[in-house]
Amino acid sequence: MNWLSSSQGVVLTAYHPSGKDQAVGGDHGKGGEEATASRKYGQYTMNQEITKVREKPPFDRSSSQDSLDELSMEPYWMEIENIEKSSENRQDQEVVVVKEPDEGELEEEWLKEAGLSDLFGESAGDSQESMVFLSTLTRTQAAAVQKRVETVSQTLRKKNKQYQIPDVRDIFAQQKESKEKVPDGIDTQSVRTNENKYQGKDDQASSLVVGKKELIPLVAEEAPASETDINLDVSFAEQAVNQKESSKEKAQKSKDCDAPLSICLNPDPNENFRCPKDKTGITRIGDLAPQDMKKVCRLALIELTALYDVLGIELKQQKAVKIKTKDSGLFCIPLTVLLEQDQRKVPGTRIPLIFQKLISRIEEGGLETEGLLRIPGAAGRIKNLCQELEAKFYEGTFNWESVKQHDAASLLKLFIRELPQPLLSVEYLKAFQAVQNLPTRKQQLQALNLLVILLPDANRDTLKALLEFLQRVIDNREKNKMTTMNVAMVMAPNLFMCHTLGLKSNEQREFVMAAGTANIMHLLIKCQQVLWTIPKFIVNQVRKQNSENHRKDKKAMKKLLKKMAYDREKYEKQDKNTSDADVPEGVIRVQAPHLSKVSMAIQLTEELKASDVLARFLSQESGIAQTLKKGEVFLYEIGGNIGERCLDDNTYMKDLYQLNPNAEWVIKSKPL
């Protein structure tokens, strides 16, 4: 039995907007009458082919089926109905048109976004930066790049473009030399050993099958959750390859022994994943300098593509055609435009002011309100409130006391739905949707982690504010009856609505979409700490790129100095001692230009943490200043093999010093 698939279909029963229970199975749509309905949700149009099921064939129950029956999808379908009703009272919005790329265009765009446009076309050549970048890729990452370069090369040849088409064998020649090793110098066996420490049990979820479509079921809320460290040290795609190889080995051993293969099909569905402790510190989104974050995003795109390639999942980025949008107002405004006008009112704002105010108004009404987010506001009132907000919000004359709590919740969801481009971005919306097709919860979480990194800053910041608010709602679930899955089912249609844009869908596909997106939403809410973490293996790749670039720059500088007849030996000696001047071995000098004590030499010990360094400096401040500065200033690692990195309080300084001995250490506040 293959743990990735099953040939037996399971019939699913769920509440449907028609008001009747529908049985949805693998072949139930055959022979049924088909009708095409066009629904308008905000500005997204969904053309759906609805299949009417005349008869419900008999079916066999399974434990998986029972688990789904316990958790009705009713909140999801009720939210769909509420959205339909509210859209009837809204003015028609311009539809977002998604452009279907021409042959090879998708791969060209992918290579450009990955910063590798010089590997094809007129600009093809031996770019030093690209060569350094490629030298740090893992086997699976390099394979993903090579696959796209080959596709573009073939396309250009077909189009008879008079470009220099590089041979991919030349581009990846340096990769072949280390094919049997992971690029960071760790051999395959050590990677497996490192990975195995995170695999206390198989995280393959007990699954449901609709026809040939496999779903990870909705999880119950009551059972206590176990916690498992997620491996951030090793490439996710490499982990997937090793897991596949391990499964093949187990299957082969089982075959050789003529014994049935024993696989855990029912692990703990409530298992939580957490970031493992790391002595060099956890790196979160927002901790790195922009130039390093740009490299992180390029690597995250390649890693996500490699992971999907390994698991046989198609990853296609969409490209939205530019449409005319409003250049002022509150609703139906692009996030970037909205933030520009907000920043004129409140400099440094990263989350739309109307979004913040709606959340604040909901919280003022108390998060214990039963059915919060699920119960809709009155459609007529919502329409009037939208018009009034558009006219009075920025003037400061809008009467927030008149806004009922459920109306504020409906306005919040409306704001998300009516963004001209979805909060999860047009480019990556399908990739978010495809997460439901990944076989294990761990791999789903890994993909979501990479996708969150890839979101534009405005989208990511707003999504984070939303998820944090949703968690606060869930924290009051004993009174408001809104569990994580209830909130996920209510919010999923508002974030994933346009997944079926331009697709014809029958009821079976619609149900698969409902269950799949609700599970994705569940993971987004439940695993926020992991999702906003930059995997250590990616940070290490950035360090390697920086080190290699510094080495080549230094080599070029030495050649220049030699030509200018400088004393080369004197330069090397000076360069070697620059960072070590007046600082004995085992001691670092920390700078704090904005504090009373502007500099301090600190002895490194095995137990010294970043929080200890901060505490020593803050202890020199007066009582009031100490209170004000605490939580506002952070210790930074600057230079060496990193641009700039804000350190986690639990970073062990000696371990980090050994990783980056040429860094400078500065205490300062985070930039807005």
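Everything that follows concerns the structure shown earlier in this document.
Below is a summary of the structure that appears in this document. Only a predicted model underlies this, so the values are computations on that prediction, with no experimental measurement involved.

Calculation notes
The written sequence of each chain sets the order in which its residues are numbered from 1. With pLDDT at 70 or above as the cut-off, local features in this predicted model cover only qualifying residues; side-chain atom pairs require 80 or more to be listed or tallied, and sums for whole chains, interfaces and linings still use all residues. Only hydrogens and water are set aside; all other atoms, that is, all heavy atoms of the structure, feed into the side-chain values. Helical segments are the DSSP runs of H or I of at least four residues, strand segments are the runs of E of at least two, and each set is numbered from the N terminus. Burial classes: relative accessible area under 20% of the type maximum marks a residue as buried, over 50% as exposed, and values in between as partly exposed (1.4 Å probe, protein chains only). The convention used is that axes are lines fitted to C-alpha atoms, helices contributing only their stretch in contact, and that angles between N-to-C directions extend from 0 to 180 degrees. Crossing handedness follows the turn of the near helix against the far one: under a right angle anticlockwise gives a left-handed crossing, and clockwise gives a right-handed one. Any two residues whose heavy atoms approach within 4.5 Å are treated as being in contact. Residues were grouped as follows: Ala, Val, Leu, Ile, Met, Phe, Trp, Tyr, Cys and Pro as nonpolar; Asp, Glu, Lys and Arg as charged; and all remaining residues, including Gly, as polar. Given a helix with a known number of residues, its expected span is that number minus one, times 1.5 Å. Any two strands with at least two DSSP bridges between them are considered paired. Here, a disulfide means two cysteine sulfur atoms that sit within 2.5 Å of each other.

1. Side note on unusual backbone geometry
A negative phi angle is the norm for most residues apart from glycine, just as the trans form is the norm for most peptide bonds. Positive phi, normally seen in glycine, also occurs at Ser425, with a value near 75°. Structurally, Ser425 can be placed in the loop between α14 (405-417) and α15 (429-434). The exposure class of Ser425 is buried, given its relative accessible area of 3%.

2. As for the packing of helix α10 (residues 290-310) against helix α16 (residues 441-454)
Taken N-terminus to C-terminus, the directions of α10 and α16 make an angle of 145°; their axes are 9 Å apart at the nearest point. For the element pair α10 and α16, the recorded crossing hand is left-handed. Across from Met293, Val296, Cys297, Ala300, Leu301, Glu303, Leu304, Leu307 and Tyr308 in α10, the residues of α16 making contact are Gln443, Gln446, Ala447, Leu450, Leu451, Ile453 and Leu454. Tallied by class, the residues present in the contact of α10 with α16 amount to 13 nonpolar, two polar and one charged.

3. A word on helix α12 (residues 353-364)
Helix length check: α12 (12 residues) gives 16 Å between terminal C-alpha atoms against 16 Å at 1.5 Å per residue, within 8%. When we look at burial in α12, the residues that qualify are Leu353, Ile354, Phe355, Leu358, Ile359, Arg361 and Ile362. Packed against the buried residues of α12 are α11 (335-345), α13 (379-392), α14 and α17 (457-474). Positioned one or two residues after α12, Gly366 has a phi angle of 90°, which is positive.

4. Points about the pairing of strand β12 (residues 599-603)
Only one face of β12 is buried, namely the one carrying Met600 and Ile602, since none of Ser599, Ala601 and Gln603 on the opposite face is buried. Pairing analysis gives five bridges linking strand β11 (residues 587-591) to β12, with the strands arranged antiparallel. By the bridge assignment, Gln591 is partnered in β12 with Ser599.

5. Here we look at the state of the cysteines
The bond known as a disulfide is covalent and runs between the sulfur atoms of two cysteines. Applying the stated criterion across every chain, the model contains zero disulfides. The thiol of Cys332 is not disulfide-bonded; the next cysteine sulfur, from Cys386, is found 8.4 Å away. Residue class for Cys332 comes out buried when judged on its relative accessible area of 10%.

6. Details of the pairing of strand β15 (residues 664-669)
Pairing analysis gives two bridges linking β11 to β15, with the strands arranged parallel. The residue bridging Gln591 from the neighbouring strand is Val666, located in β15. Inspection of the sheet shows strand β13 (residues 633-639) paired to β15 by six bridges, in the antiparallel sense. Residue pairing for β15: Val633 is matched across the bridge by Ser669.

7. A word on the sheet that holds β15
Strand order across the open sheet formed by five strands is β12-β11-β15-β13-β14, with mixed pairing between neighbours. For this open sheet the edge positions go to β12 and β14 (642-646), each flanked by a neighbour on one side alone. For this sheet, the mean angle separating the axes of adjacent strands, direction not counted, is 25°. In this structure, β13 lies alongside β14, joined through four bridges in antiparallel fashion.

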